[in-house]
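Each chain, written out:
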Amino acid sequence: MQVRLNEEQLEFYKRHHYVHLPNVVPEQALLLAERIISKWVDDLVEAWSEQKLITDKKQELDFQHRLVQIWHDAGKPKYGRSPRRDLVGRDMYNFLKDPALLDIAQQLLETEDVSVHGIFNARPKLPDQKWTDTPWHQDAQYYRDAENTHVVSIWMPLQRVTEFNSCLQIAPGFFDRTLLDGVIDEETNFLGLKREDAAKLTALSVEMQRGDALCFTQLLPHRALPNQSDAVRWSMDIRYEATAVATESGKAQGFIARSPMQPSSEASYEKWLSQWTAIPAGSY
Ligand SMILES: O=C(O)CCC(=O)C(=O)O
């Protein structure tokens, strides 16, 4: 096993329904995530160029600044704020199967047989962009069949995140055994907690370094703070569940990623890709 969690971390997760794991995501996985996202940015920039919104593709700018600059040049158009379908490819498959991430999932889910849950996103979170400020929500509000099934979310920033540049906030101790009704947030159009439920929470900001992972259950309320920096706040969020109890919503675009006793049941890239043929480009 590449990443072994200690007793304290495992106990903490069981008790508080989340755990912040410092320095567990291998640099090679983070570089892979950057490659996946950079391709998505290239495609977006290409589309804006074809629509004549921009003339300069600003190839010289770095990963943290290129999208901000081009988005301003293009007149701040709306774009797919939580890309998923457009990330699907061999790199994404390899990222989801990263042994370190599977080790973490295996230990938190307490199973050797781990499935990727088909809901994952990259988050291009730009400054001054209210519509990407994810409001308070429980992830299972997006997949209600996981109300009583443990699905672990793993959220990974690709740079340091603080309250200034949109770290996540969580609310441990609130509603972590109850799936609440979701409502569409008026400001952002994201699904989330009702205003009166959100008002009951006590927020805890989780500031993190690149390489850290924040793991939480499908019921733990969380949100993202606004990004007040001048750079993009990039992150990846992925989910895993135990194969034996995998949910329909998870299996639809998910796959068996680790099965030591029956390795032949692990899905190939081609098999996974075939699950996406009916999902249109741009969707999430
Ligand atoms: O990265 C974000 O802004 C929000 C992430 C989130 O809410 C999630 O992964 O469920």
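What comes next concerns the included structure.

### Quick notes on unusual backbone geometry
At Lys-52, a position not held by glycine, the phi torsion is positive, near 65°. Position of Lys-52 among the secondary structure elements: in the loop between helix H2 (27–50) and helix H3 (66–73). A relative accessible area of 72% places Lys-52 in the exposed class. Even without being a glycine, Glu-110 presents a positive backbone phi close to 60°. By secondary structure assignment, the location of Glu-110 is in the loop between helix H5 (99–109) and strand E2 (114–125). For Glu-110, a relative accessible area of 59% corresponds to the exposed category.

### What about H3?
All of the buried residues in H3 are Arg-66, Leu-67, Val-68, Ile-70 and Trp-71. Looking at the buried positions of H3, the neighbouring elements they touch are H2, E2 and strand E10 (233–242). Immediately beyond the C-terminal end of H3, within one or two residues, lies Gly-75, with a positive phi of roughly 90°.

### As for the nonpolar core
The biggest cluster of nonpolar side chains holds 62 residues, and the ones touching the most others in it are Met-92, Phe-95, Cys-215, Ile-238, Tyr-240 and Trp-272. The dominant element in this core, judged by the number of residues it contributes, is H2, at eleven residues. The contact partners of Cys-215, leaving out residues within four places of it in the chain, are Tyr-13, His-17, Tyr-18, Val-19, Leu-21, Ile-104, Leu-108, Val-152, Ser-153 and Ile-154. With 13 residues, the next largest nonpolar core counts Trp-155, Ile-170, Val-206 and Ala-224 among its residues.

### So, the packing of aromatic side chains
Centre distance and the angle of the planes are the two values used to describe a pair of aromatic rings. Applying the stated criterion across every chain, the model contains 14 aromatic pairs. Between the aromatic rings of Tyr-93 and Phe-255, the centroid separation amounts to 5.2 Å while the plane-to-plane angle is 25°, which identifies the pairing as stacked. Pair noted here: Tyr-93 is in helix H4 (residues 90–96) and Phe-255 is in strand E11 (residues 255–258), with a separation of 162 residues, a long-range link. Across this residue pair, the class does not change: Tyr-93 and Phe-255 are buried. Each residue in the set Trp-40, Trp-48, Phe-63, Trp-71, Tyr-79, Trp-131 and Trp-234 is aromatic and connected to the rest through ring pairs, giving one cluster.

### Some details on the environment of Arg-223
Assignment of secondary structure puts Arg-223 in strand E9 (residues 222–224). The spacing of Arg-223 and Ile-170 is 53 residues in sequence and 6.6 Å in space, taken between C-alpha atoms.

### Overview of empty space enclosed by the protein
Going through the model one piece at a time under the given rule, you end up with one cavity of 30 Å³ or more. One number sums up the size of the largest cavity: a volume of about 160 Å³. Taken together, 19 residues make up the lining of the largest cavity; nearest its centre are Arg-123, Thr-134, Trp-155, Leu-168 and Asp-237. Taken together, the elements giving at least two residues each to the lining of the largest cavity come down to E2, E9 and E10. Here the residues of the lining of the largest cavity sort into six nonpolar, five polar and eight charged.

### Quick look at the environment of Gln-9
Mapped onto the elements of the fold, Gln-9 is located in helix H1 (residues 7–16). Separated by 247 residues in sequence, Gln-9 and Ile-256 have C-alpha atoms that sit 25 Å apart. The contacts of Gln-9, once residues within four sequence positions are left out, are Val-19, Leu-21 and Pro-22.

### Observations concerning the pairing of strand E3 (residues 151–157)
With seven of seven residues buried, E3 lies mostly within the body of the structure. Here E3 pairs with E10 via seven bridges, running antiparallel. Its bridge partner being in E10, Ile-154 is matched across the sheet by Ile-238.

### Section: the pattern of salt bridges
Enumeration according to the criterion identifies 21 salt bridges in this entry. Glu-270 serves as the salt-bridge partner of Arg-90, at 3.0 Å between the closest nitrogen and oxygen. Taken together, the positions of Arg-90 in helix H4 and Glu-270 in helix H8 (residues 269–274) put the pair 180 residues apart, joining distant regions of the chain. Take Glu-270: its relative accessible area is 48%, and that puts it in the partly exposed class. The partner of Arg-239 in a salt bridge is Asp-139, with the nearest N and O atoms 3.1 Å apart.

### Details of the site of the ligand
The ligand sits among 13 residues. The nearest are His-137, Asp-139, Trp-155, His-222 and Arg-233. Thr-134 has a polar side-chain atom sitting 3.0 Å from an oxygen atom of the ligand. Contact between the ligand and Arg-233: an oxygen atom at 2.9 Å from a side-chain N or O atom of the residue. Contact with the protein chains removes 99% of the 290 Å² of surface that the ligand exposes when unbound.

Conventions we followed
- Residues numbered from 1 in each chain as written.
- Predicted model: local features only at pLDDT ≥ 70, side-chain atom pairs only at ≥ 80, totals over all residues.
- Heavy atoms only, no water.
- Helix = DSSP H or I, 4+ residues; strand = E, 2+ residues; numbered from the N terminus.
- Buried < 20%, exposed > 50% of the residue type's maximum accessible area, 1.4 Å probe, protein only.
- Contact = heavy atoms within 4.5 Å.
- Core = buried A, V, L, I, M, F, W, Y, C linked by side-chain atoms within 4.5 Å.
- Phe/Tyr/Trp six-rings, centres within 6.5 Å; stacked < 30°, edge-to-face > 60°.
- 1 Å grid on protein atoms, 1.4 Å probe; cavity = no way out; pocket = protein on both sides within 12 Å on 5 of 7 lines; lining within 4 Å.
- Points joined across faces, edges and corners; volume = space filled by probe spheres on them.
- Nonpolar A, V, L, I, M, F, W, Y, C, P; charged D, E, K, R; others polar.
- Pairing = 2+ DSSP bridges.
- Salt bridge = Lys/Arg side-chain N within 4 Å of Asp/Glu carboxyl O.
- Near = heavy atom within 4 Å.
- Polar contact = N/O pair within 3.5 Å; in protein donor to acceptor, adjacent residues only side chain to side chain.
- Areas by Shrake-Rupley, 256 points an atom, 1.4 Å probe, with all protein chains shown as cover.

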